[in-house]
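Reading the structure
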Amino acid sequence: MTPRTNPQMEQWYPAEFPWYVLIGWISVAILVFAALYLAFDVMYAVDAHERAVVLRFGKFRPPVVEPGLRFKIPIVDRVIKVGIAENSLRLPFGVALRSESADEDVTLMLTGDLNAASVEWTVQWKVEQPEKFVFRFYHPEDPQYGERVIRTVAESVMNQLVGDYSIDEVLTEKRSEIANLAREATQRILDSYDCGVIIRDLQMQRIRPPSRVRPAFEEVNASLQRREQLENEAKKERNQKLPIALAERDKLIREAEGYAQRRRAEAQGEIAALLAQYRQYQKAPEETRRRLYLEAMEEVLGRVQFQIIVDAQLKQGVLPLLQLSTEGNR
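**Observations regarding the pairing of strand 8 (residues 116–127)**
Counted residue by residue, strand 8 has 10 buried out of 12 residues, so it is predominantly covered. By the bridge criterion, 5 bridges tie strand 6 (residues 87–91) to strand 8 in an arrangement that is antiparallel. Bridged to Arg90 within strand 8 is Thr122. Note: strand 7 (residues 108–110) against strand 8, 3 bridges, orientation antiparallel. Bridge pairing in strand 8 links Leu108 to Ser118. The antiparallel hairpin formed by strand 7 and strand 8 contains 5 residues in its connecting segment, where Leu114 sits at a positive phi of about 65 degrees. Here strand 8 runs beside strand 9 (residues 197–208); their pairing, made up of 10 bridges, is antiparallel. Each bridged residue has a counterpart across the sheet, and for Ser118 the counterpart in strand 9 is Arg208.

Structure representation (structure tokens):
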């Protein structure tokens, strides 16, 4: 029994077509394709702003790969590239993409005295340990997963801190303090995740009252600035007058101390003189009494301008005529 033949098949493929040749070429093509794939898969390049984490059978193979042309085992090794450049986040999320009125709805936060404030800030962050970042925040289907986690942490921290201060403190002198505390708190939470991310800086951008009450707050700020100006002027005047007053006080104190020392020395000298006179008086009472009398009379008479001398030989009872109007009786 002879097999049936198809005339069309015989037209395209002769009865003696070399099928083994076609199979050989297909095998060669597959081998070439596999070789090219392995050749391209064995090499990879790491840019200057990247670091590569190599996973061998899903396990981290240290160290972290530095920039340059590198090699790996095809199929066995998996290379994950992580950017280490500094990233900046403008928060709250979506502020730059909205209008000003919409921004205010996103940025409003409740302060400690139950007022509302529009708060905007920026966060600079960087991956310091790529191997930890890969195992914590890397998702192939969501490249922005790590950034979203950092944004959520920063927003929750800022809402909590703003709620601990009054509206006046948030708008004026406590801005830098809030920024420092927010950076430290955000870093602590990320450290607890062990994700290899470091917060480089956190800066407060715009802190404003809501638009509906902004005119009143501007008046309050103007009054606060005026108060601060008056306080500075008062401090300046005090700093000018205080040294003068202190110098005058020291001068008066020194003068009083000098007067006290002088009076004390005079009193001590007078006491010493009286004691010396008393000792002399004890040795010769009569002579001392007479000397004291003569010295006292000398002192008294020394201050008399006119003196009248009466002769001791005049008889008693006879009143001499004293010519007071003449110059010779002086």
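Next, the rest of the story.
**So, the nonpolar core**
Across soluble globular proteins, nonpolar side chains have a tendency to be buried as a group. Counting 40 residues, the largest nonpolar core has Val119, Trp121, Met158 and Met204 as its most contacted members. If you tally residues by element for this core, the top one is helix 5 (residues 145–162), at 8 residues. Contacts of Trp121, omitting those with residues within four sequence positions, involve Leu89, Arg90, Leu91, Pro92, Met109, Ala154, Glu155, Met158, Leu202, Gln203, Met204 and Gln205. Counting residues in hydrophobic clusters, the runner-up holds 5 residues, among them Tyr44, Val46, Ala52 and Val65.

**Describing the environment of Val106**
Note on placement: Val106 falls in helix 3 (residues 100–107). By relative accessible area, which is 29% here, Val106 ends up partly exposed. With 12 residues separating them along the chain, Val106 and Ser118 place their C-alpha atoms 8.3 Å apart.

**What about unusual backbone geometry?**
A cis amide bond links Pro62 with the next residue in sequence, Pro63, at an omega value of 0 degrees. With respect to the secondary-structure elements, Pro63 resides in the loop between strand 3 (59–60) and strand 4 (68–71). Geometrically, the link from Leu91 to Pro92 is a cis peptide bond, its omega value of 0 degrees lying close to zero. Take Pro92: it is sitting in the loop between strand 6 and helix 3. Located in the positive-phi region is Phe57, a residue other than glycine, with phi close to 55 degrees. Examined against the element boundaries, Phe57 turns out to sit in the loop between strand 2 (50–56) and strand 3. For Leu114, which is not glycine, the phi dihedral falls at a positive 65 degrees.

**Quick word on the sheet that holds strand 2**
Spatial ordering of the open sheet is given by 3-2-5, a layout of 3 strands whose pairing is antiparallel. The open sheet is flanked by strand 3 and strand 5 (77–83), the only strands paired with a single partner. Looking at chain direction, strand 2 and strand 5 are connected through 7 bridges and run antiparallel. In the sheet register, Leu55 faces strand 5, and the bridge partner there is Arg78. Contacting strand 2, strand 3 and strand 5, helix 4 (residues 130–137) crosses the sheet at an angle of about 65 degrees to strand 2.

What counts and what doesn't
Residues numbered from 1 in each chain as written. Predicted model: local features only at pLDDT ≥ 70, side-chain atom pairs only at ≥ 80, totals over all residues. Heavy atoms only, no water. Buried < 20%, exposed > 50% of the residue type's maximum accessible area, 1.4 Å probe, protein only. Helix = DSSP H or I, 4+ residues; strand = E, 2+ residues; numbered from the N terminus. Pairing = 2+ DSSP bridges. Core = buried A, V, L, I, M, F, W, Y, C linked by side-chain atoms within 4.5 Å. Contact = heavy atoms within 4.5 Å. Axes fitted to C-alpha atoms, helices over the stretch in contact; angles between N-to-C directions.

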